[in-house]
Number of protein chains: 2
Amino acid sequence: MKQLAIVLLSGGIDSATTAAIAAARGFSVHALSFGYGQRHAVEMAAAGRVARALGVARHCVQSIDLRAYGGSALTDDIDVPMDRPVVGAADEIPVTYVPARNTVFLAHALAMAEACGAFDIFIGATAVDYSGYPDCRPEFVAKFEELANVATTAAVEGRGRFRIHAPLIEMGKADIIREGVRLGVDFSLTHSCYAPLANGAACGRCDSCALRRKGFEEAGVTDPTRYA
Amino acid sequence: MKQLAIVLLSGGIDSATTAAIAAARGFSVHALSFGYGQRHAVEMAAAGRVARALGVARHCVQSIDLRAYGGSALTDDIDVPMDRPVVGAADEIPVTYVPARNTVFLAHALAMAEACGAFDIFIGATAVDYSGYPDCRPEFVAKFEELANVATTAAVEGRGRFRIHAPLIEMGKADIIREGVRLGVDFSLTHSCYAPLANGAACGRCDSCALRRKGFEEAGVTDPTRYA
């Protein structure tokens, strides 16, 4: 019987590749996605397509309202920045940062893991490229793993030790795309754009589109995205 | 201008007292409550009553579905235990434990705090009495505080340091009730029962009712609860 793993699945390149890595490592993938009031809710549909293509054992979709807390261009009426150059690890944390988002997502993943007897949680966080998000750094992932092992009955009673896997954390977008291709991920099913058009096309101008385009170029892989 | 604090408010004795403590310490209280698929959803109404009585600056109610993950008598169709003696810190973690609940709640509180510029989060966790929940221990609270300070832009950029306050963590129910009375908490507004009747009366037989009754007795305070 395969070990279960919870995989956070947003429907983007990183989480699709992460899910494929979890499957390749022999885990039975239980995917967890969030509708969290994000402007780019079409990514939920992408998460569903990726989950089906991967043949996951279970896909749980949790609705939470991070808009109620505010503070991000991804959930508020703050404009998503457009036409900016792709930069390296940013000096400045972008307005698309959602306060404590990965803490919230991992907390839910931990609840789901403990409830179904899993001890492995995968997250597609990457500290490379433009993100600069504090909750995409190795320190954050390591600290959450420590927390998981004092927070839960499963760990405290010694039934196992939680591991938070962030296999992409040191990888840039091109490397992630190459790894995804190697594992058979169909990136045409994924979605990255922060400001998609009503017809579903990617804007081609937000930070996420810019990073995606550059990643495919650098990887030497044809970009399957439909841009506006 | 008062400093803001996020206070997790369930509508029970502990969180009502915790909110009163936060207010007494000079914080502007921003309360956060959860509808999480609990069987005793009447506690949501109690949270509203307590928030109004306290005159909180804001009361945010977040809906999440912890039933989707399963694993607890409070969210599943597992029977709530009845007619058990009140014991000390339990050897066995009760079936009313909800996997990683306080991790999920504190993660949301952290998101709300960062979004509104607060650095103080209050939780009414207590390690005393029967609970035996791993996420009610001082080790858990300290670890979450460490996490908060690596997880967020506000902390990483040095704008402040998050503090997780658990003022009741070493207090038994009678002491909590005495402290609440001293601070003017109206416990008739609060709700504890895990298995309330359709008419809103407390069952008087679940662990939570037993602990509440014993607490009022020991504190020498009249129990305002309407039991079945």
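(A) Quick look at the environment of Ala198 of chain A. Residues and elements named next belong to chain A. By the element assignment, Ala198 lies in the loop between helix H6 (173-182) and helix H7 (207-219). The exposure class assigned to Ala198 is exposed, which follows from the 6 C-beta atoms found within 10 Å. Residues Ala198 and Val42, 156 residues apart in the sequence, show an inter-C-alpha distance of 9.8 Å.

(B) Layout of the relation of the copies chain B and chain A. Structural alignment of chain B on chain A gives an RMSD of 0.0 Å, achieved by rotating through 180° and translating 0.0 Å along the axis. Such a turn and shift between the copies fits a two-fold axis. Closest approach to the rotation axis within chain B is made by the C-alpha atom of Ile64 of chain B, at a distance of 2.9 Å. An overlap of 100% is found between the interface residues of chain B and their copies at the interface of chain A, pointing to a shared contact surface.

(C) Layout of the interface of chain B and chain A. In this assembly, 35 residues from chain B lie in contact with 35 residues from chain A. Breaking the side of chain B that touches chain A down by element, the ones donating at least two residues are strand S3 (58-63), helix H3 (101-116), helix H4 (138-151) and helix H5 (153-156) of chain B. When residues of the side of chain B that touches chain A are assigned to their parent elements, the largest contribution, 9 residues, is made by H3 of chain B. The class makeup of the residues in the side of chain B that touches chain A is 22 nonpolar, 7 polar and 6 charged.

(D) The confidence of the model for chain A, seen in detail. Summary statistics for chain A give a mean pLDDT of 89 and a share of 89% for residues scoring 70 or more. Both confidence scores are given for the complex: pTM 0.92, ipTM 0.90.

Parameters at a glance
Residues numbered from 1 in each chain as written. Chains lettered and ligands numbered in written order. Predicted model: local features only at pLDDT ≥ 70, side-chain atom pairs only at ≥ 80, totals over all residues. Helix = DSSP H or I, 4+ residues; strand = E, 2+ residues; numbered from the N terminus. Buried ≥ 20, exposed ≤ 12 C-beta atoms within 10 Å, placed from the backbone. Least-squares fit on C-alpha atoms with pLDDT ≥ 70 in both. Contact = placed C-beta atoms within 7 Å. Nonpolar A, V, L, I, M, F, W, Y, C, P; charged D, E, K, R; others polar. pLDDT = per-residue confidence, 0-100.

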